[in-house]
Amino acid sequence: MKCRLCEGGTRLLVARADLSLHRCLSCGFVSGWPTSEITPEERYAGYHEAPPLPAPEDRYHEWMGRAEAKLGRGRLLEVGAGSGGFVRVALSRGWAVEATELSGSGLARLRETGAKIFAGDLLAARYPDAAFDWVVSLEVIEHLPLPTPHLRELARITRPGGLLLLTTPSFGGLSRRLLGFRWRVVTPEHLGYFTARTLERSLRQAGYRRIQIASRSLDVTTWRRASEERAQFNPQAAAQLRDTVEGSRALRWSKTLINLALRATGLGDTLLAWAER
């Protein structure tokens, strides 16, 4: 199998009934290869059919405040915007928002926001050069068969001096280290697994500079199921835990301290990248 990131040679890490993972001998990126072939449109058609969970609006406002401190408010593109939680918060703050989405079930809710929507893959949208002040991609890049052209496109449509905000699971995080290939993130829908090192190099090669990558958060709701063949994710439990933490001053301080430790050690389960064009 060739590396999905650089097309280098790979070695097999694990083979399961549903997928195999291969680490690149050149760049270290881990590529996922599902056993069954399925198009993205088929895979994500019903992705957002369930009632949407409450969006982490406090987190979104924090990120938007950081972007606004540098950019003011301007044109924002969210790539793979799902059912529109981030889009709604951005609109409420005065951003001119556009968004892309593949999932038919996500598009139905996304169009209700009033943002300008492109139904399809980013590369097919053909936005003009330097079209956006801020480009946002939350938990998208791990789903892509070829991340490099996508990252180059993100850089092309970000104006000089503009920002990218990108999140993706961390293959070097604590949950992957504890659960191994039973971590719920290791799934056929995820085709690429980044570490902070591979993500920073990829962003720089795509054309971004002043890159800051931090690891944050722990996927603790799956740890209790660590003995299962594959640790399962309960989104309702995760949302409930998040709301419990946000509702307690003491727990919020504890979360802040934990995230500082995760940032220092690189053991967070999510990579959060800010990059300037």
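Residues numbered from 1 in each chain as written. Predicted model: local features only at pLDDT ≥ 70, side-chain atom pairs only at ≥ 80, totals over all residues. Heavy atoms only, no water.

Visitor: Mind showing me how you'd approach the sheet that holds strand S3 (residues 30–34) here?
Guide: Ordered in space as S1-S2-S3-S9, the four strands form an open sheet in which the pairing is antiparallel. At either end of the open sheet lies a strand with only one pairing partner, and these are strand S1 (10–15) and strand S9 (192–193). Examined bridge by bridge, S3 and S9 share two bridges and lie antiparallel to one another. Note that in S9 the partner of Val 30 across the bridge is Tyr 193. (Pairing = 2+ DSSP bridges. Helix = DSSP H or I, 4+ residues; strand = E, 2+ residues; numbered from the N terminus.)

Visitor: In this structure, what is going on with the packing of helix H6 (residues 147–157) against helix H8 (residues 196–206)? I would like to understand it.
Guide: For any two helices packed against each other, one specifies the inter-axial angle together with the distance between the axes. At a minimum axis separation of 8 Å, H6 and H8 run at an interaxial angle of 50 degrees. Between H6 and H8, the interaxial angle falls into the category oblique. Both H6 and H8 take part in a crossing whose hand is right-handed. Contacts between H6 and H8 pair Leu 151, Arg 152 and Ala 155 from the former with Ser 202, Leu 203 and Ala 206 from the latter. The residue inventory of the contact of H6 with H8, partitioned by class, reads four nonpolar, one polar and one charged. (Axes fitted to C-alpha atoms, helices over the stretch in contact; angles between N-to-C directions. Parallel < 35°, antiparallel > 145°, perpendicular 65-115°, else oblique. Left-handed = near helix turned anticlockwise from the far one by under 90°. Contact = heavy atoms within 4.5 Å. Nonpolar A, V, L, I, M, F, W, Y, C, P; charged D, E, K, R; others polar.)

Visitor: Please clarify how the packing of aromatic side chains should be interpreted in this entry.
Guide: The geometry of an aromatic ring pair is captured by two quantities: the separation of the ring centres and the angle between the planes. By the definition in use, this model includes eight aromatic pairs. Centroid distance Tyr 60 to Trp 63: 6.0 Å. Interplanar angle 40 degrees. Geometry classified as tilted. Placement of the pair is Tyr 60 and Trp 63 together in helix H2 (residues 57–71), with a separation of three residues, close to one helical turn. Note on Tyr 60: relative accessible area 12%, which makes it buried. With centroids separated by 5.2 Å and ring planes inclined at 85 degrees, the aromatic side chains of Tyr 127 and Phe 132 adopt a geometry described as edge-to-face. (Phe/Tyr/Trp six-rings, centres within 6.5 Å; stacked < 30°, edge-to-face > 60°. Buried < 20%, exposed > 50% of the residue type's maximum accessible area, 1.4 Å probe, protein only.)

Visitor: Hey, could you run me through the packing of H2 against helix H3 (residues 85–92) in this one?
Guide: Where H2 contacts H3, the axes come no closer than 10 Å and their chain directions differ by 55 degrees. Comparing their axes, H3 and H2 come out oblique. Crossing of H2 over H3 shows right-handed handedness. Where H2 approaches H3, its residues Glu 57, Tyr 60, His 61, Trp 63 and Met 64 are matched on the opposing element by Gly 85, Phe 86, Val 89, Ala 90 and Ser 92. A class-by-class count of the residues in the contact of H2 with H3 yields six nonpolar, three polar and one charged.

Visitor: Just to check I follow, could you spell out the pairing of strand S7 (residues 132–138) for this structure?
Guide: Residues in a regular strand point their side chains to alternate faces of the sheet. Most of S7 sits inside the fold, with seven of its seven residues counted as buried. Both strand S4 (residues 75–79) and S7 contribute to a ladder of four bridges, which runs parallel. The residue bridging Leu 77 from the neighbouring strand is Val 135, located in S7. Examined bridge by bridge, S7 and strand S8 (residues 158–169) share six bridges and lie parallel to one another. Bridge pairing in S8 places Ser 137 opposite Leu 166. Taking the sense of rotation as the criterion, the β-α-β connection linking S7, H6 and S8 turns out right-handed. (Right-handed = clockwise from strand over helix to strand, strands pointing away.)

Visitor: I keep staring at H2 and nothing clicks. Help me out?
Guide: Between its first and last C-alpha atoms H2 spans 20 Å; for 15 residues at 1.5 Å apiece the expected length is 21 Å, and the two agree. For H2, the set of buried residues is Tyr 60, Trp 63, Met 64, Ala 67, Glu 68 and Leu 71. Considered in projection along H2, the buried side chains sweep an arc of 135 degrees and stay on one side of the axis. More than 90 degrees from the buried face of H2, the exposed residues found are Glu 62 and Ala 69. In this structure, the buried residues of H2 make contact with H3, S7, S8 and strand S11 (270–276). (Expected span 1.5 Å × (residues − 1). Arc of directions from axis to C-beta.)

Visitor: What exactly am I supposed to notice about the sheet that holds S4 here?
Guide: The strands making up a sheet are joined through hydrogen bonds of the backbone, oriented either antiparallel or parallel. The seven strands lie next to each other as S6-S5-S4-S7-S8-S11-S10, forming an open sheet whose pairing is mixed. Edge strands, defined here as strands with exactly one partner in the open sheet, are strand S6 (116–119) and strand S10 (209–216). Each strand axis lies, on average, 15 degrees off the axis of its neighbour in the sheet, ignoring direction. With four bridges joining them, S4 and strand S5 (residues 96–101) adopt parallel strand pairing. Paired with Glu 78 across the strands is Ala 99, a residue of S5.

Visitor: Explain the pattern of salt bridges here, please?
Guide: Within the structure shown, the criterion is met by twelve salt bridges. Among the ionic pairs, Asp 133 bridges to Arg 159, the shortest N-O distance being 2.5 Å. Of this pair, Asp 133 sits in strand S7 while Arg 159 sits in strand S8; the two residues are 26 residues apart in sequence, bridging distant segments of the chain. What makes Arg 159 partly exposed here is its relative accessible area of 25%. Ionic pairing is found between Arg 156 and Glu 153, a salt bridge with its closest N-O pair at 2.7 Å. One end of the pair, Arg 156, and the other, Glu 153, are both in helix H6, three residues apart, so they sit about a helical turn from each other. Relative accessible area serves as the criterion here: at 11%, Glu 153 is assigned to the buried category. What you see here is one network of salt bridges that share partners, running through Lys 70, Arg 209, Arg 210 and Glu 276. (Salt bridge = Lys/Arg side-chain N within 4 Å of Asp/Glu carboxyl O.)

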